Amino acid sequence: MLLVCAINLLTVVRAARILGIVALPSYSHQVVFQPLWRELSIRGHQVTTLTTDPINDPKLTNLTEIDLHFAYETWNKDIMVTALKFQGNSIGLINNLMKQAFDVIDEELRHPKVQALIHGDDEFDLVIIEVIALPFLPFAAKFKCPVINIISLDMSSRLHQLMGNPTHPILYPDVYYPYDEHLTFRQRLTSVIITCLMNVNGIHAYLAANSMAQKYFGPNYPSLVDIIYNVSMIFVNTDPILHRVRPFVPTVVQIGGGSHLKPARLLPTDLQELLDNAESGFIYFSLGSNVKSKDIPIDLRETILETFAELPYMVLWKFEAENLPNRPKNVFISKWLPQQDVLRKKLDDDRISAFFVAGHRNIKLFVTQGGLQSMEEAVYSGVPMVVMPFFADQGYNAKAIVYKGMGLSVDYANLKKEEFRDKVLEVIREPRYRNRVKELARLALDQPMTGMERAVWWTEYVIRHKGAEHLNSPIKDFPWYKYLLLDVLVVLVASLMVVVGGVYCALRTVWIYFRRNRKDKEKKTK
């Protein structure tokens, strides 16, 4: 009997129909969750994804992909302008990025195949949605199924609060506020203000998203606030080694740890020969998929080129245009590079070596914008970094890299050739940076399950139990004034005031009594 029940249970899980939505047209966001779609489909689930970067693997017969690649045109149109315009202004940056994201999502919701899902008769057992894709959340109500949120970087303070995680603006500053490990008073004050403003921004985003959701799904669905409240879980791309240690409730699952890394592959022949001939070593320079090197300010580009010209190393630069004016002889450019395989380097640890066997022996340094996926790829390849953050979580990651001893950072808005050159040479020549990266890679990989194994296990857990309401944090139902102990403090302060007032009145009465007695005695003696 037990065997029959177990077989039936497994059959239910294998037959699950899953809708996955990663709406943001950013390869660094998409690549984190491609292994999840792949693994779930291999395990027998029928997976349908809305994605801007389809896997396009004919072997994955259980995976149906709706291609939203057209959204890149809208997203890339102003992304670099926004990053440069709001440099140092986290709130303004988040507001504008959210607006651009919602413009993209509005365009995606109009797509005929998305409309067919909205108005069709398809059924799903689970919806997995990227956090930023709020207007897609009514799919969970339409299909009457649980929902899992996913995010390819760290969570904002607002998300932590919604999931019932303990939050604190000093111990755990918002991910969009670059910070050192030990905040000064001014930084603590700024962190509190930013956390409050991010909460206000979150409310504004929900209102805008709710309006868009009603536009495409109609008014007969629950509000997004109700749907968000009933989110079963969230998968966050962090781990306790590369990120700040903090408490997590069971419904927040950390899936970080290089889950997006692919098996090592050989480099293209021409690239292999180029790197083989870099006898003094080479530096790899890339600003990621959102920040385009071809679009950075000209004076910044010239400072970078002047610095590279003075270095005794070859530089491999991911540059998205055909030509790079004033390019020194030691600088080589390419519109696209297989970053993981350029960075990878064989390490001593057997478990790490299983992943990193195709890296090049001559790599000295990675100059990066500090995106989370780039940081992970460098760490798990044993390559130290010089970080040049531009926006979003890159400043946060840069601070973490410096604090943990994996490299140094520079400010692109005030970059000086001497500073850039000195930091590059220090990270290359001081072995402590490379040794520290290797140490953290070993720590990050020493865990009972990989991030992807956790993601798959918890996904099937939610399917089996039709949600995870039983794991919800009590903080989700806790009024803010109780969480801050304001009612208790009011009672304690009031009680203390009553006691103090009572003692004061008693002492004053005694004092008046003795004073009168003394005066009466003085009158009698006269």
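Conventions and cut-offs
Residues numbered from 1 in each chain as written. Predicted model: local features only at pLDDT ≥ 70, side-chain atom pairs only at ≥ 80, totals over all residues. Heavy atoms only, no water. Helix = DSSP H or I, 4+ residues; strand = E, 2+ residues; numbered from the N terminus. Buried < 20%, exposed > 50% of the residue type's maximum accessible area, 1.4 Å probe, protein only. Pairing = 2+ DSSP bridges. Axes fitted to C-alpha atoms, helices over the stretch in contact; angles between N-to-C directions. Contact = heavy atoms within 4.5 Å. Expected span 1.5 Å × (residues − 1). Arc of directions from axis to C-beta. Right-handed = clockwise from strand over helix to strand, strands pointing away. Phe/Tyr/Trp six-rings, centres within 6.5 Å; stacked < 30°, edge-to-face > 60°. Lys NZ or Arg CZ within 6 Å of the ring centre and 35° of its normal. Core = buried A, V, L, I, M, F, W, Y, C linked by side-chain atoms within 4.5 Å. Salt bridge = Lys/Arg side-chain N within 4 Å of Asp/Glu carboxyl O.

Once that is clear, we can look at unusual backbone geometry. Phi is positive for N56, close to 55 degrees, though the residue is something other than glycine. For K466, which is not glycine, the phi torsion reads 55 degrees and is therefore positive. Checked against the element boundaries, K466 lands in the loop between α18 (451–465) and α19 (480–483). Taking the relative accessible area as the measure of exposure, K466 reaches 69% and is therefore exposed.

This part is about the sheet that holds strand β8 (residues 282–286). Taken in spatial order, the six strands make up an open sheet running β10-β9-β8-β11-β12-β13, and their pairing is parallel. Edge positions in the sheet fall to β10 (331–334) and β13 (407–409), since each of these pairs with one other strand and no more. Going from strand to strand, the sheet's axes swing by 20 degrees on average, the running direction of each strand aside. By the bridge criterion, three bridges tie strand β11 (residues 363–368) to strand β12 (residues 385–387) in an arrangement that is parallel. Looking across to β12, one finds that F366 is bridged to M385. Sheet strands in contact with helix α11 (residues 298–309) are β8, β9 (314–318) and β10, and its direction is about 155 degrees off that of β9. Each of β12 and β13 touches helix α15 (residues 394–403); the most contacted strand, β13, lies at about 140 degrees to it.

Here the focus is helix α14 (residues 372–379). Along α14, eight of the eight residues are buried, which leaves the element largely enclosed by surrounding structure. Every buried residue belonging to α14 is among L372, Q373, S374, M375, E376, E377, A378 and V379, and all of these are buried. Lining the buried residues of α14 we find α2 (27–42), α12 (339–343), β11, β12, α15 and α17 (431–445).

This part takes up α17. With 15 residues, α17 should cover 21 Å at 1.5 Å per step; its first-to-last C-alpha distance of 22 Å lies within 8% of that length. Taken as a whole, α17 has its buried residues at Y433, R434, V437, L440, A441, A444 and L445. With its buried residues spanning 125 degrees around the axis, α17 presents them on a single face.

Buried residues dominate strand β1 (residues 17–22), accounting for five of its six residues. Judged from the six bridges that link them, β1 and strand β2 (residues 46–51) form a sheet pairing that is parallel. Looking across to β2, one finds that L19 is bridged to T48. For the segment spanning β1, α2 and β2, crossover handedness is right-handed. Looking at chain direction, β1 and strand β4 (residues 126–130) are connected through four bridges and run parallel. Within β4, the residue paired with L19 across the bridge is V127.

Before going further, it helps to examine the packing of aromatic side chains. According to the stated counting rule, one finds 16 aromatic pairs in the structure shown. Relative to F319, the ring of W317 has its centre 5.5 Å away and its plane inclined at 80 degrees; by these criteria the two rings are edge-to-face. The same class applies to W317 as to F319, namely buried. Ring centres of W457 and Y461 lie 5.5 Å apart, and the angle between their planes is 25 degrees; on these two criteria the pair is classed as stacked. Residue W457 and its partner Y461 are located together in helix α18, separated by four residues, close to a single helical turn. When its relative accessible area of 13% is taken as the criterion, Y461 is described as buried. Site record: aromatic cluster; members linked through ring pairs are F124, F136, F139, F143, F217 and Y221. Lying over the aromatic face of W457, R464 brings its terminal NZ or CZ to 5.4 Å of the ring centre. Taking the ring centre of Y229 as reference, the NZ or CZ of K476 above it sits at 4.9 Å.

As a further point, take the nonpolar core. General note: in soluble globular proteins, nonpolar side chains tend to be found buried as a group. F136, F139, I304 and F420 are the most contacted members of the largest nonpolar core, which totals 126 residues. Of all the elements, helix α4 (residues 90–109) adds the most residues to this core, at nine residues. Aside from chain neighbours lying at most four places away, what touches I304 is F285, I296, W317, M388, L415 and F420. Of all hydrophobic cores here, the second largest spans 28 residues; its members include I18, W37, I150 and I463.

All right, on to the pattern of salt bridges then. This model, assessed by the stated rule, comprises 18 salt bridges. Among the salt bridges present, the one from E460 reaches R43, with a minimum N-O distance of 2.9 Å. Placement of the pair is E460 in helix α18 and R43 in the loop between α2 and β2, with a sequence separation of 417 residues. Taking relative accessible area as the criterion, E460 reaches 7% and is therefore assigned buried. For R110, the salt bridge is made with D106, and the minimal N-O distance between the two is 2.4 Å. With relative accessibility at 15%, the residue D106 sits in the buried group. Linked by salt bridges that have partners in common, E310, K417, R421 and D422 make up one network.

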